[in-house]
Amino acid sequence: MGRGKLRIYLGAAPGVGKTYAMLAEARRRVERGTDCVVAYAEHHDRPRTQDLLHGLEQVPCRTLEYRGAAATEMDVDAVLERRPQVALVDELAHTNVPGSRNPKRWQDVTELLAAGIDVVSTVNIQHLESLGDVVESITGVRQHETVPDEVVRRADQIELVDMSPQALRRRMAHGNIYRPDRIDAALSNYFRPGNLTALRELALLWVADRVDEYLRQYRGEHNIRSTWPARERIVVGLTGGPEGRTLIRRGARLAEKGAGGEVMAVYIARSDGLTSASPKELAVQRTLVEDLGGTFHHVVGDDIPAALLDFARGVNATQIVLGSSRRKTWQYVFGPGVGATVARESGPDLDVHIVTHGEIAKGRGLPGARGARLGRARIVWGWLVGLLGPVVLAAWLSSVHLGLANDMLLYLALTVAAALLGGLLPALVSAAFGSLLLNWFFTPPLHRIVIADPANVVAIVTFVGVGVSVAWVVDLAARRTHQAARLRAESEILSYLAGNVLRGETGLEELLERVRETFGMESAALLERASDVDPWTCAGRVGLADAVERPEDADVDVPVGDHMALALTGRVLPAEDRRVLAAFAAQAAVVLDRQRLQKEADQAKELAEGNRIRTALLAAVSHDLRTPLAGIKASVSSLRSDDVDWSREDRAELLAGIEEGADRLDHLVGNLLDMSRLQTGTVTPLIREIDLDEVVPMALGGVPEGSIELDVRETLPMVAVDPGLLERSVANLVENAVKYSPPGSPVLVAASAIADRVEVRVVDCGPGVPDEAKDRIFEPFQRYGDAPRGAGVGLGLAVARGFAEAIGGTLNAEDTPGGGLTMVLTLRAAGPHPEPSPAAGPVRTERRAS
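Residues numbered from 1 in each chain as written. Predicted model: local features only at pLDDT ≥ 70, side-chain atom pairs only at ≥ 80, totals over all residues. Heavy atoms only, no water.

S.K.: I'd like a description of the pairing of strand S16 (residues 556-559), backed by residues and values.
M.R.: Put simply, side chains in a regular strand alternate between the two faces of the sheet. The alternating pattern of S16 places Val-556 and Val-558 on a buried face and Asp-557 and Pro-559 on a face that is not buried. Judged from the 4 bridges that link them, S16 and strand S17 (residues 564-569) form a sheet pairing that is antiparallel. Bridging across to S17, Asp-557 finds its partner in Ala-567. Where S16 folds back on S17, the antiparallel hairpin that results is connected by 4 residues, among which Gly-561 adopts a positive phi of roughly 75°. (Buried < 20%, exposed > 50% of the residue type's maximum accessible area, 1.4 Å probe, protein only. Helix = DSSP H or I, 4+ residues; strand = E, 2+ residues; numbered from the N terminus. Pairing = 2+ DSSP bridges.)

S.K.: Go over the environment of Ala-798, please, and point to the residues and values.
M.R.: Relative to the helices and strands, Ala-798 resides in helix H25 (residues 796-806). As for Ala-798 and Glu-779, which are separated by 19 residues in sequence, their C-alpha atoms are 5.4 Å apart.

S.K.: Any chance you could break down the pattern of salt bridges for me, citing the residues and the numbers?
M.R.: Counted under the stated rule, the structure contains 21 salt bridges. The partner of Arg-7 in a salt bridge is Glu-25, and the shortest N-O contact between them spans 3.4 Å. In this pair, Arg-7 sits in strand S1 (residues 6-11) while Glu-25 sits in helix H1 (residues 18-31), placing the two residues 18 residues apart along the sequence. Residue Arg-7 is classed as buried on the basis of its relative accessible area, which comes to 13%. Residue Lys-774 is joined to Asp-815 by a salt bridge in which the shortest nitrogen-to-oxygen separation is 2.8 Å. Residue Lys-774 is found in the loop between strand S22 (757-763) and H25, and its partner Asp-815 is found in strand S23 (residues 810-815); the two are separated by 41 residues along the sequence. (Salt bridge = Lys/Arg side-chain N within 4 Å of Asp/Glu carboxyl O.)

S.K.: So, a positive patch on the surface: which residues are in play, and what are the values?
M.R.: Together, Arg-249, Arg-250, Arg-253 and Lys-257 make up a positively charged patch on the protein surface. Residue placement: Lys-257 occurs in the loop between helix H10 (244-256) and strand S10 (262-269). (Patch = residues over 30% accessible without salt bridge, like charges linked within 9 Å, V, L, I, M, F, W, Y side chains within 5 Å. Areas by Shrake-Rupley, 256 points an atom, 1.4 Å probe, with all protein chains shown as cover. Lys, Arg positive; Asp, Glu negative; His and termini not counted. Charge placed at Lys NZ, Arg CZ, Asp CG, Glu CD.)

S.K.: Hey, could you go over the environment of Arg-286 for me, with residue numbers and the actual values?
M.R.: Structurally, Arg-286 can be placed in helix H11 (residues 279-291). Along the primary structure Arg-286 and Ile-248 are separated by 38 residues, whereas in three dimensions their C-alpha atoms are 9.5 Å apart.

S.K.: Could you give an account of the environment of Gly-17, naming the residues involved and the relevant values?
M.R.: Structurally, Gly-17 can be placed in the loop between S1 and H1. Once the C-alpha coordinates of Gly-17 and Val-161 are considered, the two residues, 144 residues apart in sequence, prove to be 6.7 Å apart. Discounting residues that sit within four places of it in the chain, Gly-17 has contacts with Val-161 and Arg-171. (Contact = heavy atoms within 4.5 Å.)

S.K.: I'd like to hear about a nonpolar patch on the surface, residue by residue, with values.
M.R.: Together, Ile-379, Val-380, Trp-381, Trp-383, Leu-384, Leu-387, Leu-388, Val-392, Leu-425 and Leu-428 line one region of the surface with nonpolar side chains, adding up to about 830 Å² of accessible area. In terms of residue count, helix H15 (residues 376-400) provides more of the nonpolar patch than any other element does, 8 residues in total. Here Leu-387 lies in helix H15.

S.K.: Any chance you could break down the sheet that holds strand S15 (residues 537-543) for me, citing the residues and the numbers?
M.R.: Spatially, the 4 strands line up as an open sheet ordered S15-S14-S17-S16, and their pairing is antiparallel. The open sheet is flanked by S15 and S16, the only strands paired with a single partner. Averaged over all adjacent pairs, the angle separating strand axes in this sheet is 15°, with direction ignored. Here helix H19 (residues 508-519) sits on the sheet and contacts strand S14 (523-528), S15 and S17; the angle it forms with S15, its principal contact strand, is near 55°. (Axes fitted to C-alpha atoms, helices over the stretch in contact; angles between N-to-C directions.)

S.K.: Break down the packing of helix H12 (residues 304-314) against helix H13 (residues 338-345) for me, citing the residues and quoting the values.
M.R.: Taken N-terminus to C-terminus, the directions of H12 and H13 make an angle of 45°; their axes are 9 Å apart at the nearest point. Looking at the two axes, H12 sits oblique to H13. Remark: the crossing between H12 and H13 carries right-handed chirality. For the pair formed by H12 and H13, the contact residues are Ile-304, Pro-305, Leu-308, Leu-309 and Arg-313 on the first element and Val-338, Thr-341, Val-342 and Glu-345 on the second. (Parallel < 35°, antiparallel > 145°, perpendicular 65-115°, else oblique. Left-handed = near helix turned anticlockwise from the far one by under 90°.)

S.K.: Tell me what's going on with the nonpolar core, and back it up with residues and numbers.
M.R.: Counting 64 residues, the largest nonpolar core has Leu-92, Leu-112, Val-147 and Trp-206 as its most contacted members. With 7 residues, the top contributor of residues to this core is helix H9 (residues 193-221). Beyond its immediate sequence surroundings of up to four residues, Val-147 is in contact with Leu-92, Ala-93, Trp-106, Val-123, His-127, Leu-128, Glu-129 and Val-152. In terms of nonpolar packing, the next biggest core, distinct from the first, is built from 42 residues, Leu-700, Leu-726, Leu-811 and Leu-825 among them. (Core = buried A, V, L, I, M, F, W, Y, C linked by side-chain atoms within 4.5 Å.)

Next up, the structure:
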């Protein structure tokens with residue numbers, strides 16, 4: 001008898017449909033003739049789940065008494081005695097009541113599997129033991145019922161039951177998950193959109209990791225040695241060759257397979273020039289990597305493997321993608337190559353991917369790279385030919401005796417070969433060494449540095465002259481090609497730089513970082529001063545924190561106008577690099593001017609907004625404040641009139657009107673002054689730790705009798721706020737909610753703790769606000785819908801949000817389940833506090849009166 005197989009339906013939260021999927025699978029198996037029973041299923045009184053149970057064989061559960069109540073648990077003995085092919089066991093993480101066969105239900109499942117019974121079960125992601133702390137930080141609730149990760153990982157099949165947070169909340173609101181009396185509390189706490197999104201991400205990532213485990217197992221079983229990509233920060237090493245596009249696309253695919261993947265393409269140039277590759281190809285690759293969402297970096301370094309590893313470790317990369325070498329087989333005698341060196345020196349913290357491409361072993365003879373310089377391999381071969389070639393040729397000619405003329409032609413060919421390979425110096429050595437060997441071995445008198453025949457002197461001089469001339473031409477051509485490559489590189493960089501700056505895509509810090517990377521400097525700073533006698537100030541800086549404060553102290557400084565300079569430290573640059581550096585400096589000045597103009601434009605916008613607010617304030621004073629003033633004046637005039645003998649009831653009514661108008665006037669003026677303080681930035685909060693139950697009740701004064709229901713636990717964590725600003729913000733929210741709530745529907749003011757936050761919710765059952773207007777209602781002088789003029793000047797919610805942000809909180813609007821609007825005021829908790837249990841501590845629940 002073999003071990004049974006375990007299939008688990010994994011969900012992100014209660015209500016996504018795990019039990020429904022499990023029962024649907026059972027019905028499919030029963031229809032195929034499988035002996036399947038329900039060992040335990042929790043339907044939670046959900047009609048559709050109960051319908052699926054009809055027609056399925058159910059093993060009776062055990063009834064146990066616990067704390068004076070009857071509890072039902074799975075009867076493991078009955079299932080083992082029944083011995084079906086498949087048993088359905090819901091809620092794998094459930095804790096059995098004392099007196100059960102095992103403390104945990106997953107232990108019951110382990111017994112069934114050991115007996116050869118296949119099991120189909122369900123579990124939520126928050127019940128995995130390793131994710132307990134993560135789930136608590138997200139939801140603020142510690143899960144006490146957990147299952148070891150290894151139990152779930154050993155499952156033969158894991159199927160994710162997924163549902164979007166919006167769909168799950170709709171199911172909740174429609175009553176398909178919890179009873180109606182639990183819906184509002186669930187939607188406001190555990191089933192918040194942010195919580196559900198985070199739990200969904202956890203479930204997806206956990207299942208993705210499990211898929212990776214399956215793939216690794218499959219590769220091991222089938223002897224697959226290729227590297228599978230993972231989500232990490234990936235550095236793609238470029239040489240400027242055409243294979244770079246393949247490497248960039250491969251790096252992008254690696255990044256797409258995981259969350260937060262980032263691609264950084266880097267080209268390492270030698271310090272004797274801006275680039276030794278094709279500038280056009282580099283520009284194409286730069287565009288490609290940026291189109292794929294990555295970044296391009298140009299780094300200077302003579303030791304390419306070391307520079308690449310330093311860059312990768314500097315950006316905290318975990319993977320390097322390199323192409324297979326383009327060198328031919330014989331070229332490996334000069335060293336193992338960049339890829340092998342990087343892989344050997346990378347250490348355990350960096351994974352190196354060597355990617356195949358169509359340019360393998362085709363040589364490094366790229367037009368842009370080869371023409372830029374002779375290359376190390378060519379110089380080495382030139383010296384070998386210039387030094388060893390004459391010796392080998394002398395030994396061979398000593399045995400064949402071709403004649404002096406033929407001997408000189410062969411030595412001339414050898415000198416030309418050394419010139420073509422290594423340039424001027426190897427050719428000069430070959431010519432000098434070859435002439436000596438010709439004189440010693442082949443020119444009479446032999447074995448003496450003497451030439452008897454004058455004609456032989458002419459021949460040897462001609463031989464040396466031809467060799468030197470050919471070497472000079474080869475060297476001149478290499479220099480001219482190198483200069484052309486530099487000019488092309490400069491033009492490509494300047495074109496790219498000007499395009500980015502003119503389009504406003506590059507900031508000052510980014511531009512300075514590009515300067516530092518391009519020239520391999522330690523720091524770059526843009527310095528400026530107001531006049532010739534004023535001290536220098538730094539407008540922008542990257543690199544070392546203790547960079548120079550004056551241009552005179554820098555290794556390289558480039559003036560920009562009369563009172564600005566670009567200063568770099570690290571090394572002295574050759575004069576030929578200063579052309580590009582001057583262009584960088586000029587563009588840096590342009591970027592700085594643009595940033596300052598943008599700042600001035602933003603300030604002008606703020607001034608215009610302030611003027612608009614002041615204009616609206618004047619309009620509010622001239623219109624909305626006139627009504628209460630007119631009412632007060634009319635009532636006072638009536639009381640002062642001697643023509644009418646007012647009764648006691650009439651006088652009381654007139655005085656009540658005066659009091660109401662004064663209260664209304666005081667409220668309007670207070671909001672106007674608060675809005676003015678917020679707009680002018682004069683609100684200075686005095687933050688201190690305080691309990692919510694000390695502040696919130698004070699904000700409820702002045703509301704009608706029985707219009708507020710308060711639910712604030714005294715065990716909530718303290719909050720770090722300005723009590724006065726918090727009180728005013730809550731008061732405005734409550735006043736707005738009471739204004740729009742229908743008669744007989746009190747406004748709920750509740751508070752709860754979630755992780756390191758405390759939320760105050762003001763819930764009304766009024767007409768609500770559509771999604772497109774939820775942000776607009778917080779703007780000054782906005783009254784939603786057809787609110788009459790006497791409803792206020794539209795500043796209450798704007799002041800509430802302004803005060804909330806001033807004390808470090810947030811204020812947002814949400815829909816109330818069943819209709820209405822909920823204002824959510826989120827505050828920072830003052831420090832870690834133990835989570836209050838539902839039954840711990842007194843709860844302040846009351847109706848406030850004026």
